[in-house]
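Summary of structural features
So you can see what is in the structure, the chains are spelled out below.
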Amino acid sequence: MNKALFWRALGVQAIAIAVVSGILIALPLSHDFFEDYGFVVGPVAWAACSAVTARVLSIPLAFVLFAAVAGGVAGGLVSLVTSHWVGVGVGLLVFAASCGGYDPRAASEGAAAQ
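What comes next concerns the included structure. (Residues numbered from 1 in each chain as written. Predicted model: local features only at pLDDT ≥ 70, side-chain atom pairs only at ≥ 80, totals over all residues. Heavy atoms only, no water.)

**Notes on the packing of aromatic side chains**
Inspection of every chain in the model, using the stated rule, returns 5 aromatic pairs. Ring centres of Phe6 and Trp7 lie 5.0 Å apart, and the angle between their planes is 85 degrees; on these two criteria the pair is classed as edge-to-face. Residue Trp7 is classed as exposed on the basis of its relative accessible area, which comes to 58%. A ring pair is formed by Trp46 and Phe95, whose centres lie 6.2 Å apart and whose planes are at 75 degrees; its orientation type is edge-to-face. Taken together, the residues span a long stretch of sequence, with Trp46 in helix α2 (residues 31-57) and Phe95 in helix α4 (residues 84-100) at a distance of 49 residues. Comparing Trp46 with Phe95 shows no difference in burial state: the two are buried. Within the aromatic cluster, the residues linked to one another by ring pairs are Phe33, Phe34 and Tyr37. (Phe/Tyr/Trp six-rings, centres within 6.5 Å; stacked < 30°, edge-to-face > 60°. Buried < 20%, exposed > 50% of the residue type's maximum accessible area, 1.4 Å probe, protein only. Helix = DSSP H or I, 4+ residues; strand = E, 2+ residues; numbered from the N terminus.)

Here's what the structure looks like:
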């Protein structure tokens, strides 16, 4: 695993999530909105932030979206047992660990073999 990539992915995704969360909190939306539509808004925001992370770190979007699904599932399961923000933290860690497994050399070797 690429530790530097892990930390960069964690940082970029955390900042992106913080910005989107701040925007959503600042919008004049009731708490009921998030209770009713959070199951849609959360994953869409998570995927959008992941796309930003892919762009900033120059990781293929498909790879990062796979990492986003892994982090989202892990975070969602933890959220069911604990709380929303604990789940987000776990999701961020799983996302970053998945991104840290990206090896651009292996990706270029696989493309060259085809």
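**Here we look at a nonpolar patch on the surface**
A cluster of nonpolar residues, Ile15, Val19, Ile23, Leu27, Leu29 and Phe34, forms a patch on the protein surface that exposes about 510 Å² of accessible area. Residue position: Leu29 is located in the loop between α1 (3-26) and α2. (Patch = residues over 30% accessible without salt bridge, like charges linked within 9 Å, V, L, I, M, F, W, Y side chains within 5 Å. Areas by Shrake-Rupley, 256 points an atom, 1.4 Å probe, with all protein chains shown as cover. Salt bridge = Lys/Arg side-chain N within 4 Å of Asp/Glu carboxyl O.)

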